[in-house]
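Breakdown of the fold
Each chain is listed here by its residues.
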Amino acid sequence: MKFRPLHDRVLVRRVQEEEKTKGGIIIPDTAKEKPQEGEVVAVGSGSRGDDNELVPLDVKSGDRVLFGKWSGTEVSVDGEELLIMKESDILGIVEA
């Protein structure tokens, strides 16, 4: 993929949500909510602080992150639906 976000923006791929509950009930597409968890695909170079110094981002490619329900903008890159959002929209990094 040849896409690099600018400044403090992050490109995120949503994780696939489970098709059925732990009890075995299949969830129809109309009842599913979009997952609020994703994998960071690409990150920008960082933002400029008050002293004009570059402040690097806390997230990196490959990190699994949680974000708000209405965070980001859906974009299509190479035919794949992804989200682009500011780093401040990310709530946290999921650690294994």
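Residues numbered from 1 in each chain as written. Predicted model: local features only at pLDDT ≥ 70, side-chain atom pairs only at ≥ 80, totals over all residues. Heavy atoms only, no water.

**Things to note about the nonpolar core**
- Listed in full, the 10 residues of the largest apolar core are Val-10, Val-12, Val-40, Leu-57, Val-59, Val-65, Phe-67, Leu-83, Met-85 and Ile-90.
- Of all elements in the fold, only strand E1 (9-14), strand E5 (64-67) and strand E7 (80-86) reach the threshold of two or more residues within this core.
- Other than its neighbours up to four places away in sequence, Val-59 contacts Val-10, Val-40, Val-43, Val-65, Glu-87, Ile-90 and Ile-93.
- Listed in part, the 6 residues of the second largest apolar core include Val-41, Val-77, Leu-82 and Ile-84. (Core = buried A, V, L, I, M, F, W, Y, C linked by side-chain atoms within 4.5 Å. Buried < 20%, exposed > 50% of the residue type's maximum accessible area, 1.4 Å probe, protein only. Helix = DSSP H or I, 4+ residues; strand = E, 2+ residues; numbered from the N terminus. Contact = heavy atoms within 4.5 Å.)

**Quick look at the pattern of salt bridges**
- Enumeration over the complete set of coordinates arrives at 6 salt bridges.
- Of the charged contacts in the structure, one is a salt bridge between Glu-80 and Arg-13, with a shortest N-O distance of 2.5 Å. Of the two residues, Glu-80 is situated in strand E7 and Arg-13 in strand E1; the sequence distance between them amounts to 67 residues.
- We classify Glu-80 as partly exposed; its relative accessible area is 26%.
- Linking Glu-37 and Arg-64 is a salt bridge whose minimum nitrogen-to-oxygen distance equals 2.7 Å. In this pair, Glu-37 sits in strand E2 (residues 37-43) while Arg-64 sits in strand E5, placing the two residues 27 residues apart along the sequence. (Salt bridge = Lys/Arg side-chain N within 4 Å of Asp/Glu carboxyl O.)

**Concerning the pairing of E2**
- Examined bridge by bridge, E1 and E2 share 5 bridges and lie antiparallel to one another. Paired with Arg-14 across the strands is Gly-38, a residue of E2.
- Two elements, E2 and E5, share 3 bridges in a ladder whose sense is antiparallel. Residue Glu-39 lies in a different strand from E5, and its bridge partner there is Arg-64. (Pairing = 2+ DSSP bridges.)

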